[in-house]
Structures are given as C-alpha cells and as structure tokens.
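# Analysis of the macromolecular model
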Amino acid sequence: MTLPTIALFRDEFYLSTVEAVVTAIREDGGIELDQTCFYATSGGQPGDSGFFERADGGRIEIATTRHGETKDIIFHVPAEAQPAPLVGEKLVLHVDWARRYRLMRMHTACHLLSVVCPYPITGAAVGEDESRVDFDMVETIDKDTVTADMMALVAANHPVYLQWITDEELVANPGIVKSKNVRPPVGLGRVSLVCIGENALIDSQPCGGTHVSETQEVGAIFIAKIEKKGKENRRFRIRFGTPEAATL
Ligand SMILES: [Zn+2]
C-alpha cells in the first residue's frame with residue numbers, strides 16, 4: 001500500500017541529509033519513504049539526485065525524485081543497476097547538495113527576473129547551468145538592463161522566506177499568481193508563498209520549489225539571451241557568472 005511521504009524539502013530548504021524508512025518499492029523500482037529531503041520534480045525545478053546510505057555502509061545511487069499518482073506521494077528513482085532496499089529498512093538520505101544548491105540559486109534568480117520583468121509567466125525551467133523563463137510580452141527589453149536590475153536585487157541582500165496560506169485564500173486572491181499556464185501548488189490544503197524583502201515588499205508569489213534564504217546567495221548571474229518565441233512570447237535565459245566572463 002502506498003503511503004504519503006512527509007516532504008521535508010517544502011519548508012527546510014537547507015536540509016541535505018536525514019534518516020528515513022522504506023515504506024514501499026514500486027513495480028518500476030521506485031523507492032517510497034516515510035519522509036524525504038529529496039525535492040520531487042515540480043514547477044519547472046528538476047528532482048534531486050544523490051544517494052541513500054544503508055546500515056552496512058552500502059550505497060543506493062538515486063538518479064531523480066518524482067511525485068507519484070498524487071502530490072503527497074513521492075518516489076526516488078534509483079540509477080541503473082542499484083541494489084533494492086527492503087520495505088522497513090532504515091536509510092540515511094544524502095542529497096547531491098552541490099547540484100541542489102545551484103538549483104536553489106537559479107530558482108531564486110527566476111523569481112528576481114519576474115520582479116524586474118513584471119509580465120505574466122508562460123513557462124519556466126530551472127537548470128544547474130542555465131534557466132529559462134518565458135513571458136507573455138510584446139515589448140523589447142535590453143538584456144544588460146535586466147541583468148543590472150537583477151544584480152541590484154542580489155547585492156541588496158533581501159531576505160527570502162515562506163509564508164503559508166490556505167488554498168481558499170489563494171483562490172480568493174488570484175492577483176498574486178504570476179504564472180499564466182503553470183498551476184499554483186494547490187491540492188495540499190496550504191500553499192507556500194515565496195516572499196522577497198522585508199514584509200514581502202519586493203515580491204510574493206505561490207511556489208513549491210526550493211530557494212536560498214538571502215538574495216546575496218544567488219551570486220553573479222546574467223541574462224545570456226532574450227529570444228522571441230512568437231508574437232507575444234519572450235524567452236529569457238539566465239546563466240551564472242558575468243556577461244564579460246562568458247564572452248572571453
Ligand atoms: Zn520558486
């Protein structure tokens with residue numbers, strides 16, 4: 001029987017390791033646990049990879065993490081040819097933290113871009129090296145100006161934190177949702193609002209992803225490209241580093 005997984009990554013973004021017990025092994029080999037700190041693919045952010053440590057020191061490498069039939073079911077996909085754990089076995093989970101932290105920085109950078117570029121979002125994909133955000137906009141905007149505005153938010157070191165509201169409160173305030181096509185993370189009874197700045201002065205929007213706790217942690221980022229995708233669509237590509245270093 002499939003049991004819900006306690007998703008520790010929803011509010012403990014810096015938790016990279018935790019103990020958990022195997023609750024089920026799926027037909028496809030997916031591992032279900034009583035709780036996890038592995039982020040499950042959702043909202044444009046890829047699921048975590050890493051490894052599970054067994055009592056005898058053996059390792060089970062995990063390729064990615066996904067949601068099951070419903071949002072409260074999470075399963076971990078082992079890499080090729082990994083040993084299968086037993087139901088009831090206790091494991092120590094280890095997220096590939098270097099990768100996840102880059103994703104957290106990139107994901108937060110996407111929020112900063114949506115502050116600088118306040119148009120409806122039609123799509124987004126967070127990546128370790130590059131992220132993209134699509135906006136419904138017809139205006140032409142200078143990428144260096146966008147980079148400078150984003151870096152000003154990074155340098156100001158605004159706090160980034162969560163506020164929880166109920167699904168009903170979100171439905172009653174549709175204006176806080178910036179995504180046009182991406183459904184906000186409802187269905188769990190409560191929704192996390194990602195707030196940037198004291199009293200959410202810079203931004204606040206529903207999001208179930210993982211974020212850094214201060215904008216300074218995002219580090220150097222820049223808009224590498226703005227592509228025209230159809231008459232009303234602009235695709236922004238964010239990369240780590242500086243435009244100067246990238247052209248050397
Ligand atoms: Zn987010």
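If you're wondering where the values come from, they're calculated on a predicted model, not measured in any experiment.

### Structural notes on helix α2 (residues 143–155)
- Taking 1.5 Å of rise per residue, 13 residues should cover 18 Å, and α2 covers 18 Å from first to last C-alpha, within 8% of that figure.
- For α2, the complete set of buried residues consists of Val146, Thr147, Met150, Leu153 and Val154. Buried residues along α2 cover an arc of 125 degrees about the axis, so they all sit on one side.
- For α2, the secondary structure elements touched by its buried residues are α1 (97–116), β14 (221–228) and β15 (233–240).

### A closer look at the coordination of the zinc ion
- Taken together, His107 (NE2), His111 (NE2), Cys207 (SG) and His211 (NE2) make up the protein donors of the zinc ion, found 2.0 to 2.1 Å from the metal.
- Geometry at the zinc ion is tetrahedral, judged from the 4 donor atoms that bind it and their angles of 98 to 127 degrees at the metal.
- Summarised as a motif, the one-chain spacing of the donors to the zinc ion is H-x3-H-x95-C-x3-H. Taken together, the residues span a long stretch of sequence, with His107 in helix α1 and His211 in the loop between β13 (203–206) and β14 at a distance of 104 residues.

### A few points about the domain arrangement of the chain
- The domains assigned to the chain are domain 1 (6–95) and domain 2 (100–246).
- Between domain 1 and domain 2, the C-alpha centre-to-centre distance is 27 Å.
- Taken together, the 14 residues of domain 1 in the interface contact 19 residues of domain 2.
- It is Phe13, Tyr14 and Gln45 that lose the most area in domain 1 upon contact with domain 2, and together they represent 43% of the buried surface on that side.
- The salt bridge involving Arg100 is made with Asp48; its shortest N-O contact spans 3.0 Å.
- Where domain 1 meets domain 2, there are 8 residue pairs in polar contact (both at pLDDT 80 or more).

### Some details on the environment of Ile226
- By the secondary structure assignment, Ile226 is in strand β14.
- As a C-alpha pair, Ile226 and Thr140 span 86 residues in sequence and 9.1 Å in three-dimensional space.
- Leaving out residues up to four positions away in the same chain, Ile226 has contacts with Ile141, Asp142, Lys143, Arg234, Arg235 and Phe236.

### Brief notes about the sheet that holds strand β10 (residues 130–136)
- Read across the open sheet, the 4 strands follow the order β9-β10-β15-β14; overall the sheet is antiparallel. Each edge of the open sheet carries a strand with a single partner, namely β9 (121–125) and β14. Neighbour-to-neighbour, the strand axes of this sheet turn through a mean angle of 20 degrees, independent of strand direction.
- As paired strands, β10 and β15 are joined by 7 bridges and run antiparallel to one another.

### Some points on the packing of aromatic side chains
- Enumeration according to the criterion identifies 5 aromatic pairs in this entry.
- With a centroid separation of 5.8 Å and 25 degrees between ring planes, the pair formed by Trp97 and Tyr101 is classed as stacked. Of this pair, Trp97 and Tyr101 both sit in helix α1, 4 residues apart, which is roughly one turn of the helix.
- Exposure remark for Trp97: the relative accessible area of 26% places this residue in the partly exposed category.
- Judged by its relative accessible area of 24%, Tyr101 falls in the partly exposed class.
- One aromatic cluster is present, formed by Tyr14, Trp97 and Tyr101 through successive ring pairs.
- Against the face of Phe75 rests Arg26, its NZ or CZ located 4.0 Å from the ring centre.

How each quantity is defined
Residues numbered from 1 in each chain as written. Predicted model: local features only at pLDDT ≥ 70, side-chain atom pairs only at ≥ 80, totals over all residues. Heavy atoms only, no water. Helix = DSSP H or I, 4+ residues; strand = E, 2+ residues; numbered from the N terminus. Expected span 1.5 Å × (residues − 1). Buried < 20%, exposed > 50% of the residue type's maximum accessible area, 1.4 Å probe, protein only. Arc of directions from axis to C-beta. Contact = heavy atoms within 4.5 Å. Donors = N, O, S within 2.8 Å, 3.2 Å for Na, K, Ca; no water. Tetrahedral: all angles 85-135°; square planar, octahedral: opposite > 155°, others 65-115°. Domains from an automatic or database assignment. Buried area = accessible area lost by both parts, 1.4 Å probe. Salt bridge = Lys/Arg side-chain N within 4 Å of Asp/Glu carboxyl O. Polar contact = N/O pair within 3.5 Å; in protein donor to acceptor, adjacent residues only side chain to side chain. Pairing = 2+ DSSP bridges. Axes fitted to C-alpha atoms, helices over the stretch in contact; angles between N-to-C directions. Phe/Tyr/Trp six-rings, centres within 6.5 Å; stacked < 30°, edge-to-face > 60°. Lys NZ or Arg CZ within 6 Å of the ring centre and 35° of its normal.

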